[in-house]
Amino acid sequence: RAKESRHNRIKVFTERMREQAVAMLHLENDLRRGIDNREFFVLYQPIISLRSGHVIGFEALCRWRHPVRGIVGPGEFIPSAELTGDIIDLGLWVLREACATMAAWQKAYPHRNDLVMSVNISSKQFAQPSLVDQITCIIEETGIVPSSLKLEITESAVMENAESALVMLRRLKALGIQLSIDDFGTGYSSLAYLQRFPVDTLKVDRSFIADMCSGTQNTEIVRAVLVLARTLGLDVIAEGVEESDQINALRGLDCEYVQGFFFSCPLERDAASALLASANVG
Ligand code: C2E
Ligand code: MG
Ligand code: MG
Ligand code: MG
């Protein structure tokens, strides 16, 4: 009898382990545990000025070191995190982490006080009025210069509800931080709103950069975005630059800022620091 009950206990135990393993494979059920266990980390992708050749900043990009699945990219967990609401905690953690990194760099490389850290903000985060106070706290806690933080909000997130977005953008801008419209060109922008939004930068979606050199109309679209941005007094960053032909085309259009695998993939914090350190020598 004793043997039988032990057998049953083992059966119950393994059953529970199996359930846990299945839950871990369903990422949305597993986000909370992953956040509590500090399984997320941030990579930093350099943004480069074509004019000076210098790194002018980085975009913070989140990853999940999942115990069963290995490294999981944001395309797989951000949509789930939006649905479950875990994006609020996760997004705050990314902001804190990226700002702490920026604070360390501002200390280590004081003459690079022009560096900017860009952080993605999801539409759900952007819709939370408390975001403004949270960012105020993070700036105070980390001691970064406010203008060295740039929030990236997608075109679809700001245009979805443009009137309330305008209010939110103004409150954020009042903190002294910078604002960027991400994936520009993939949504439906109201030019009237674009003109009223207190944003600093348009990031041209990489789908337009991808076929720039294959005889499509994309070169003309990028040219039009550059003209629009110049009219509105905004900077443009071309994202997803992978080939030298694209660099040449972007130079020809007088597009100053670029980001993409051609220069660097997203880097671990130490590798990004090393890049800054080496740039300082030259
Ligand atoms: P995004 O903000 O447009 O970020 C750029 C994405 O393009 C990144 O993908 C980056 O790794 C990738 N990329 C950069 N250069 C190249 C290139 O030359 N070629 C190609 N094919 N891809 C390139 P990643 O890191 O997988 O992120 C995907 C998206 O997930 C981001 O798009 C952003 O919308 C979202 N995301 C990433 N981290 C966060 C985060 O912390 N919070 C939120 N809310 N969203 C995030
Ligand atoms: Mg982005
Ligand atoms: Mg983007
Ligand atoms: Mg994009």
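The preceding data block contains the structure.
Because the structure is predicted, anything quoted here is derived from the model rather than measured. (Residues numbered from 1 in each chain as written. Chains lettered and ligands numbered in written order. Predicted model: local features only at pLDDT ≥ 70, side-chain atom pairs only at ≥ 80, totals over all residues. Heavy atoms only, no water.)

Enquirer: Could you clarify how one ought to interpret the overall build of the protein in this entry?
Expert: Along the backbone of the protein there are 13 helices and nine strands. For the protein, the spread of C-alpha atoms along the principal axes amounts to about 85 × 45 × 45 Å. The buried share of the protein, taken over its 282 residues, is 46%. If you take every contact in the protein between residues at least 6 apart in sequence, the share linking residues at least 24 apart comes to 68%. Accessible surface for the protein amounts to roughly 14400 Å². Of this, 53% is attributable to carbon and sulfur atoms. (Helix = DSSP H or I, 4+ residues; strand = E, 2+ residues; numbered from the N terminus. Buried < 20%, exposed > 50% of the residue type's maximum accessible area, 1.4 Å probe, protein only. Contact = heavy atoms within 4.5 Å. Areas by Shrake-Rupley, 256 points an atom, 1.4 Å probe, with all protein chains shown as cover.)

Enquirer: How should I be thinking about the site of ligand 1 in this particular structure?
Expert: Inspection of the region around ligand 1 gives 23 residues, with Arg63, Asn120, Asp182, Glu242 and Phe261 positioned closest. Within the side chain of Asp182, one N or O atom sits 2.9 Å away from an oxygen atom of ligand 1. Phe261 has a polar backbone atom sitting 2.8 Å from an oxygen atom of ligand 1. Protein burial of ligand 1: of its 800 Å² of free accessible surface, 82% is covered by the chains. Secondary structure elements with two or more residues in the shell around ligand 1: strand S2 (55-66), helix H3 (74-84), strand S4 (116-121) and strand S6 (178-184). When its residues are assigned to classes, the shell around ligand 1 shows nine nonpolar, six polar and eight charged. (Near = heavy atom within 4 Å. Polar contact = N/O pair within 3.5 Å; in protein donor to acceptor, adjacent residues only side chain to side chain. Nonpolar A, V, L, I, M, F, W, Y, C, P; charged D, E, K, R; others polar.)

Enquirer: How do you make sense of the coordination of the magnesium ion (ligand 2) when you look at a structure like this?
Expert: Ideal geometry at a metal centre gives angles of 109.5 degrees when four donors are arranged tetrahedrally and 90 or 180 degrees when six donors are arranged octahedrally. Surrounding the magnesium ion (ligand 2) are the protein donor atoms Glu59 (OE), Asn120 (OD1), Glu152 (OE) and Asp182 (OD), which sit 2.0 to 2.2 Å from the metal. In this structure, the magnesium ion (ligand 2) is positioned 3.5 Å from the magnesium ion (ligand 3), and both are ligated by Asp182. On the criterion of sequence distance, the pair formed by Glu59 in strand S2 and Glu152 in strand S5 (residues 149-154) is long-range, its members being 93 residues apart. A single burial state applies to Glu59 and to Glu152, both of which are buried. (Donors = N, O, S within 2.8 Å, 3.2 Å for Na, K, Ca; no water.)

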